[in-house]
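Listed below, chain by chain, are the residues.
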Amino acid sequence: MTRKKVKLQFIANDSARKSTFKKRKRGLLKKVSELSTLCGVEACAFVYSPYDPEPEIWPSPMEAQRVLTRFIRMPEQEKSKKMVNQEIFLRERVFKTKEHVKKLRKENREKELSLLMYQYLSTGRILQPMSMIDVNDLHWFVGQNIREINSRIEVMKRLAQPNESQAAVEAPAPAPALAPAPVPTPAVMAAAVAPGMVGAGERLQVEQGRGLVSNVGAMQSQQPWFMDLQVSNGGEEMLPFGIANHQNPFWPMN
Amino acid sequence: MVKGKSTSGRQKIPIEKIPKKSHLQVTFSKRRLGLFKKASELCTLCGVEIGIIVFSPAEKAFSFGHPNVESIIDRFLTRNPAPDSGAHQLVEAHRNANVRDLSMQLTQLQNQFEVEKKRGDDLDQSRKLRQRQFWWESPIDELGLQELQLLKLSMEELKKNVEKQTNKILMEHNSMSSPIVGPNGVRYYDVFEKKPEIKMFSTAPNAYNLHFNHGYL
């Protein structure tokens, strides 16, 4: 396996080019062979190079001829449909890669917005300067999250119903509420909510009473403030920031 | 939320016909593409001419050829090297120039991809760390009902603040105070603080308006 990433351009150095050719040709033919065997399909390959007067042919000239004949006999349209040369192939790859980059950027943007949002929840401030676009996007993002939380709350309320069969019927109902959500739903959240919905049903019954405790178990030093009002841990940040203005008299006001 | 790996990574498989049909088809698609990539790279790196023909399990014909499939077939069948006329060379040169450009473009895009991927991984990492500290950063399907309600209140508070901020920005814009103007003419605003409410401004952001060339974290 090579360590260095090779630049995708003609190798100027003659000896480097020759050795690269030998290695990669061997690898290429191995791959053709594997593909043919693994998938039980017919294939052939021809390699013409300045290093050899005769082309290298896989599997063998005779076998290749057979495959070639099968190919040639196909109607023109079927042959051309999946036929590519370097230019066409590279254009396709460029297009696909562009799409992948776009998708990643979108996901990263959502992760960034998520970061901003949680920063506010943790500290009450957002430390980076924000542009108008950031502010708008954040607004949308927070709105999305609120919507998902609402859906989730609905689900949990219904699952808490004493009537078992009703819960079972009701549980899938909120799913359509999520489905029409705009495509840029944070992948993070959507993935979290959708699979969790019904599966977490059983867990919910048990956890409702314990509420925060079940999570706090995983965290070392924090006590949920309303579970034990005598202990006022004013200095620790256990609650998202916005709560301060609503309920907790012990929470220090910034 | 931190997802576990969605694929099982590289697995070693025996080189014999794959028994399961669906697996076989998936493998064919992936490997066929990989094969053509390798062939394409070999052509670019070493300046050689290659032709590959593969039939799919569904009997479709896939072919790759440099300079093109027909000329490779001709070359093989007639046992004659390709003609080297002036016009031919010109076409060749033109095509090679295109290929060079596309290769460079592809490389550039692949680098961009790597950059974004790393950024995504870093963001995931820091999220993972924060999740250990703050319960509210866990995925919402792991939160209990009370937690959800607290979180909701908090977020609604944030939303109001954002709206106030937007308001403030618009007021400033109207009253000709000069916010800091960044390098590409985008205005930056102060640390995000609570201000006395001027008027409720209901922004209706375009949900699809996520500008991804804009993050600066």
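The shown structure was predicted, so the numbers you read here are calculated from the model rather than taken from an experiment. (Residues numbered from 1 in each chain as written. Chains lettered and ligands numbered in written order. Predicted model: local features only at pLDDT ≥ 70, side-chain atom pairs only at ≥ 80, totals over all residues. Heavy atoms only, no water.)

## As for the pairing of strand S2 (residues 61–66) of chain B
This is how it is decided: Buried, partly exposed and exposed residues are distinguished by accessible area as a fraction of the type maximum, computed with a 1.4 Å probe on protein chains only: under 20%, between the cut-offs, and over 50%, respectively. Helix and strand definitions here come from DSSP, where helices need a minimum of 4 consecutive H or I residues and strands a minimum of 2 consecutive E residues; each element is numbered from the N-terminal end. For two strands to count as paired, DSSP must find a minimum of two bridges between them.
Taken across its six residues, S2(B) has six buried, putting it largely inside the fold. The two faces of S2(B) match: Ala61(B), Ser63(B) and Gly65(B) on one face and Phe62(B), Phe64(B) and His66(B) on the other face are all buried. Summarising the sheet, strand S3 (residues 83–85) of chain A and S2(B) pair through three bridges and their orientation is parallel. Residue pairing for S2(B): Asn85(A) is matched across the bridge by Gly65(B). Strand direction decides the pairing type here: strand S1 (residues 49–55) of chain B and S2(B), joined by six bridges, are antiparallel. By the bridge assignment for S2(B), Ile52(B) is matched with Phe64(B). Hairpin connection of S1(B) to S2(B): five residues between the antiparallel strands, including Glu59(B) at a positive phi of 70°.

## Points about the confidence of the model for chain B
All names here are of chain B. For clarity, the cut-off: A residue's pLDDT is the confidence the predictor assigns to it, expressed on a 0 to 100 scale. Residues are treated as being in contact if the distance between any of their heavy atoms lies within 4.5 Å.
In the predicted model, chain B carries a mean pLDDT of 79, and 76% of its residues have values of at least 70. Mean pLDDT values for the elements of chain B range from 52 in strand S4 (residues 187–188) up to 97 in S1. The model gives residues 190–217 a pLDDT under 50, and that stretch makes 74 contacts with residues more than four places away or in other chains. The ipTM value of the predicted complex is 0.72, and its pTM value is 0.67.

## Quick notes on the packing of aromatic side chains
As a reminder, the rule being used: Classification of ring pairs rests on two measures: the distance between centres of Phe, Tyr or Trp rings, Trp counted by its six-membered ring, which must be within 6.5 Å, and the angle between planes, read as stacked under 30 degrees, edge-to-face over 60 and tilted in between. Remark: a charge is flagged as sitting over a ring if the NZ atom of Lys or the CZ atom of Arg is within 6 Å of the ring centre and within 35 degrees of the ring normal.
Applying the stated criterion to the full structure yields six aromatic pairs over all chains. Ring centres of Phe21(A) and Tyr51(A) lie 5.2 Å apart, and the angle between their planes is 35°; on these two criteria the pair is classed as tilted. One end of the pair, Phe21(A), is in helix H1 (residues 14–39); the other, Tyr51(A), is in the loop between strand S1 (43–49) and strand S2 (52–58), with 30 residues separating them in the sequence. Among the aromatic residues, those joined into a cluster by ring pairs are Phe89(A), Phe36(B) and Phe64(B). A cation over a ring is seen here: Arg70(A) above Phe55(B), with NZ or CZ 3.7 Å from the ring centre.

## A closer look at the pattern of salt bridges
A side chain with one charge can pair with a side chain of the opposite charge if their charged atoms come near. Just so we agree on the cut-off: One side-chain nitrogen of Lys or Arg within 4 Å of one carboxyl oxygen of Asp or Glu is enough to make a salt bridge.
The final tally for this structure, using the stated rule, is 25 salt bridges over all chains. The partner of Arg119(B) in a salt bridge is Glu112(A), and the shortest N-O contact between them spans 2.5 Å. Residue Arg119(B) is found in helix H3 (residues 86–133), and its partner Glu112(A) is found in helix H4 (residues 86–123); the two belong to separate chains. In this structure, the salt-bridge partner of Glu92(B) is Arg95(B), at a minimum N-O distance of 2.6 Å. A residue pair is termed a helical-turn pair when its members lie 3 or 4 positions apart in one helix, as Glu92(B) and Arg95(B) do in helix H3 at three residues.

## Remarks on the interface of chain A and chain B
Let me state the cut-off plainly: The term buried area denotes the loss of accessible surface (1.4 Å probe radius) that occurs when two parts are joined, taken as the sum for both partners. Under this definition, polar contacts are N or O atom pairs within 3.5 Å; protein pairs additionally need one hydrogen-donor-capable and one acceptor-capable atom, and for neighbouring residues in sequence, both atoms have to be side-chain atoms. Amino acids are sorted into nonpolar (Ala, Val, Leu, Ile, Met, Phe, Trp, Tyr, Cys and Pro), charged (Asp, Glu, Lys and Arg) and polar (every other residue, Gly among them).
The interface is formed by 131 residues belonging to chain A together with 126 residues belonging to chain B. Between chain A and chain B, the buried area comes to about 12,800 Å², and carbon and sulfur atoms account for 69% of it. The interface formed by chain A and chain B includes six salt bridges. Where chain A meets chain B, there are 25 residue pairs in polar contact (both at pLDDT 80 or more). Ranked by the residues each element gives to the side of chain A that touches chain B, the list is headed by H4(A), at 29 residues. Within the side of chain A that touches chain B, the residues separate by chemical class into 68 nonpolar, 30 polar and 33 charged. Sheet analysis places S1(A) next to S1(B), joined by six bridges and oriented antiparallel. Across the sheet, residue Phe46(A) finds its bridge partner in S1(B), namely Gly51(B).

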